[in-house]
Amino acid sequence: MEVFWQRLDLWLRSALPSFLTLLMTLLEVGAWPLPYSGFVRPALGFIALFYWAAHRPDLFSPMIAFAAGLLSDFLNGGPPGLSALLFTAAHQIIWRQRGFFAGHSFLMLWFGFILAVVPFTLIQWAALGLLNWQVAPLLPVLVQLVLTIVLFPLPCWVFIQTQRVALSSN
Amino acid sequence: MSVRHSSSRRFSAAAVLSWRGFFQRFSFVLFVGLAAFLLILTRTQPEAISSLRTHTLDIVAPLLDVLARPALIIEDARVSLRSIVSLRAENKRLYEENRHLIEWQNAVVTLEKENRELRALLKFKTEPRQTYVSARVIADTGGAHARGLIITAGKSDGVREGMAAMTGEGLIGRVIEVGAWSSRVWLISDLNSRIPVMIAETGDRAILAGDNTPQPKLLFLARDASVSGGARVVTSGHGGIFPPNLPIGVLRETEHGTFDVIPAADLGRVTYVRLVDFSLEGGALNPIENKLRAEGKKK
């Protein structure tokens, strides 16, 4: 019986990065009681993807990146597959470059995040424009990008604490 | 012996690593392929994708509902606090408003009677019956890329595609996807939203076009239209999607001499919506009615 609880505990801890990424994707579209929250949203799902793909790729498979992207597509009403494709590609790039992104100071991690989120956001904007055959205004996208970069430390702090408390012995 | 043991351990660790690397690469190709397949399917089988999306929405809606609760409590507390602070002033304003409304009520009773008699004289075709469904907003989707809402009402509550989404202030959008107990509303500020409108004061017609910003643009306004900032913008009823005269917002002149519209409702902070079915028969330009008609023919 003890073995069962130990295994369950281990499984739950291992599932934390995936669970947090999907939760962040849901929170990204949540009804926030903040002014202008309906017009610009920080890309919380991408922050989670970046952190876990860089720090615990062993617990964060491309399948979860794909699932989070697809969930984001379905919730936002965009073309299903686009965010899924971008999330999967971002996961692969971050996983390959994790030596650069993780293991340094927080400022370096933040800088690494900027390097990742800027092309991600611009490619997403361009791809949506191509798929809808309509150029969307860039200003709200840039405001959203800045908001995501500025708010990065907040969810990141939660992930760092989660990793320290629940995943340090894993 | 110990050397052999350590080398075999090294070998197995290397095998695990290479297997993991292979799996990562293989799954990357697999999921990229799957995403591309879905994107193609969106173009070739839009109905199937739409159905998949509404089913996903129904599954996720209870979770979104739970996540939206704290925000709702905060918003309710904010509104309560605001009303407590302005209680005295609000009471005075309502007292005055009530006095005016009683005067209006007397006038309306007389006008209604007169209207009824004149309609009877003209054998005027009365407006179709309206049905209402109220729903709570559980997600505000899209951010800078698209503008929409997910609400807690679906087919089981009588919601159908094309219903107008309104708040007390005016029109905010229309229902585009309906699940069993959740639906998606497309806001008037969405990039793909196009609504035939008119200026209430002058009757000048135009198209209200969303551009993902808080103020949608006004397109195709006649050059000789004598409109100015502050004029009321209402639906024109053309296209058969919405009935005429639903309030939308007020006109604002931009620096470039063009016009945009400040919506009457705060589109960034919608908590509850009222979905209205105007039972419109729909015109040739109504894509929703056309779709429903086509589906009916298929059956």
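Up top is the structure.
If you're wondering where the values come from, they're calculated on a predicted model, not measured in any experiment. Per-chain numbering applies: the sequence of each chain, read as written, is numbered from 1 onward. Chain letters start at A and ligand numbers start at 1, both assigned in the order the entries are written. Local features in this predicted model are restricted to residues whose pLDDT is 70 or higher, and side-chain atom pairs enter the listing and the counts only when it is 80 or higher, whereas totals over whole chains, interfaces and linings include all residues. Side-chain measures here rest on the full set of heavy atoms in the structure, leaving out hydrogens and waters.

Q: Which parts of the structure should I look at to understand the overall build of chain B?
A: Secondary structure is summarised from DSSP: a helix means a run of H or I of at least four residues, a strand means a run of E of at least two, and numbering begins at the N terminus for each. Looking only at helices and strands, chain B features 4 helices and 12 strands. In chain B, which comprises 299 residues, the proportion classed as buried is 38%. Pairs at least 24 residues apart make up 56% of the contacts formed inside chain B by residues separated by at least 6 positions. Computed by Shrake-Rupley with a 1.4 Å probe, the accessible areas treat only the displayed protein chains as cover when residues are assessed. Summed over its atoms, the accessible surface of chain B is roughly 18,200 Å², and 61% of this surface lies on carbon and sulfur atoms. To sort residues, take the accessible area from a 1.4 Å probe on protein chains only and compare it with the maximum for the residue type: under 20% means buried, over 50% means exposed, and anything in between is partly exposed. Any pair of residues with heavy atoms lying within 4.5 Å of one another is described as a contacting pair.

Q: Just to check I follow, could you spell out unusual backbone geometry for this structure?
A: Excluding glycine, residues mostly carry a negative phi; peptide bonds, for their part, are mostly trans. Unlike most non-glycine residues, Trp133 of chain A shows phi in positive territory, near 55°. Secondary-structure assignment places Trp133 of chain A in the loop between helix 6 (106-132) and helix 7 (138-151). Despite not being glycine, Asn245 of chain B has its phi angle at roughly 70°, a positive value. If you trace the backbone, Asn245 of chain B turns up in the loop between strand 9 (232-235) and strand 10 (247-253).

Q: What am I meant to see in the sheet that holds strand 12 (residues 272-277) of chain B here?
A: Pairing between the strands of a sheet comes from backbone hydrogen bonds, and it takes one of two forms, parallel or antiparallel. We call two strands paired when DSSP finds no fewer than two bridges between them. The sheet built from 6 strands closes into a barrel, its strands ordered 1-2-5-4-3-12 (chain B) with antiparallel pairing. The sheet shows a mean angle of 40° between the axes of neighbouring strands, taken without regard to direction. Here 6 bridges tie strand 1 (residues 131-141) of chain B to strand 12 of chain B, and the two strands are oriented antiparallel to one another. Bridge pairing in strand 12 of chain B links Ser134 of chain B to Arg274 of chain B. Contacts from helix 3 (residues 62-76) of chain A reach strand 1, strand 2 (148-151) and strand 5 (183-187) of chain B, with the element oriented near 65° to strand 5 of chain B. Only the stretch in contact is used when fitting a helix axis, every axis being a line fitted to C-alpha atoms; angles between N-to-C directions are given from 0 to 180 degrees.

Q: Would you mind showing me how to read the pattern of salt bridges here?
A: Should their charged atoms come close, side chains of opposite charge can pair. One side-chain nitrogen of Lys or Arg within 4 Å of one carboxyl oxygen of Asp or Glu is enough to make a salt bridge. Tallied over the entire structure, the rule returns 16 salt bridges over all chains. Of the charged contacts, one joins Arg69 of chain B and Asp65 of chain B as a salt bridge, the two residues approaching to 3.5 Å between their closest N and O atoms. With Arg69 of chain B and Asp65 of chain B both in helix 2 (residues 46-85), this residue pair falls 4 residues apart, about one helical turn. The class of Arg69 of chain B is partly exposed, set by a relative accessible area of 40%. Connected through salt bridges with shared partners, the residues Arg41 of chain A together with Asp140 and Arg147 of chain B form a single ionic network.

Q: What is the right way to read a nonpolar patch on the surface from this model?
A: Residue and element names in this part refer to chain A. Residues form patches when they are more than 30% accessible in relative terms and have no salt bridge. Like charges link within 9 Å. Nonpolar side chains (Val, Leu, Ile, Met, Phe, Trp, Tyr) link within 5 Å. On the surface, Met1, Phe4, Trp5, Leu8, Trp11 and Leu12 cluster together into a nonpolar patch covering about 720 Å² of accessible area. Mapped onto the secondary structure, Trp5 falls in helix 1 (residues 2-29). By relative accessible area, Trp5 is classed as partly exposed at 49%.

Q: Looking at this structure, how should I read the interface of chain A and chain B?
A: Between chain A and chain B, the residue contacts involve 51 residues of the former and 50 residues of the latter. Put simply, buried area is the surface a 1.4 Å probe can reach on two separate parts but cannot reach once they are joined, added for both. Summing both sides of the interface, chain A and chain B together bury roughly 4,200 Å²; the carbon and sulfur share of this comes to 69%. Joining chain A to chain B, the criterion identifies 1 salt bridge. Residues Arg41 of chain A and Asp140 of chain B are paired through a salt bridge, measuring 3.9 Å at the closest nitrogen-oxygen approach. We define a polar contact as two N or O atoms separated by no more than 3.5 Å, with the added condition that, inside protein, one atom must be a possible hydrogen donor and the other a possible acceptor, whereas residues neighbouring each other in sequence contribute only through side-chain atom pairs. In this assembly, chain A and chain B are joined by 6 residue pairs in polar contact (both at pLDDT 80 or more). Looking at the side of chain A that touches chain B, the elements with two or more residues in it are helix 1, helix 3, helix 4 (82-96), helix 6 and helix 7 of chain A. Looking at the side of chain A that touches chain B, the element that brings in the most residues is helix 4 of chain A, giving 9 residues. Only Asp, Glu, Lys and Arg are considered charged in this grouping, and only Ala, Val, Leu, Ile, Met, Phe, Trp, Tyr, Cys and Pro are considered nonpolar; every other residue, Gly among them, is considered polar. Tallied by class, the residues present in the side of chain A that touches chain B amount to 34 nonpolar, 14 polar and 3 charged.

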